[in-house]
Amino acid sequence: MPSTIINFISQSIGDNIAFSPYADLYQEKYGGDVYVKTILYQHFYSNNPNVFFVPIDFQKPGTIEKNVRFLFCDTPLQKIICDQLDIEYIELIPKIKIDPSIQFNKKKKYVCISVQSTTQMKYWTAGGWDKVVNYIKTLGYDVYTIDQHESF
């Protein structure tokens, strides 16, 4: 079976997270070793011994290369990668490595939001995010912003 490199062209954190679990489906359908080039390679894992998350400068001669891009379309984000890899679309939850040295008070209810966006599709005018955050806080939740950058 030939090996495949799946290259996540998008530098967006959300795209990379959404796309990450589909390497397993690709490997199950086409076989061989599958190497996923992503900026977040150290944060993902697979239980499949033939799927590897690698840095974006990874090279392996003789492999098939598949570039996966974000496309503007009216479809679920995860369906985009399935269409590009010719695999069946099913909704999957990404497997993310958790750093055990990070301590977080999980005893209180919380919500994480991300208000910045590579394609600026999450921006609201007239204080939309402020209204959402204020409402969530009235329900007793803490709110954490998990954006990569403070502003876009």
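Refer to the structure presented above.
The following refers to the structure shown.

1. Overview of the pattern of salt bridges
Scanning the model with the defined rule gives 4 salt bridges in all. For the salt bridge of Asp-24 with Lys-95, the shortest nitrogen-to-oxygen distance reads 3.7 Å. Of the two residues, Asp-24 sits in helix α2 (residues 22-30) while Lys-95 sits in the loop between α3 (77-85) and β5 (110-113), which places them 71 residues apart along the sequence. Here Lys-79 makes a salt bridge to Asp-83, at a shortest N to O gap of 2.9 Å. Here Lys-79 and its partner Asp-83 are both found in helix α3, 4 residues apart, which amounts to about one turn of the helix. Since its relative accessible area comes to 48%, Asp-83 is described here as partly exposed.

Rules of the game
- Residues numbered from 1 in each chain as written.
- Predicted model: local features only at pLDDT ≥ 70, side-chain atom pairs only at ≥ 80, totals over all residues.
- Heavy atoms only, no water.
- Salt bridge = Lys/Arg side-chain N within 4 Å of Asp/Glu carboxyl O.
- Helix = DSSP H or I, 4+ residues; strand = E, 2+ residues; numbered from the N terminus.
- Buried < 20%, exposed > 50% of the residue type's maximum accessible area, 1.4 Å probe, protein only.

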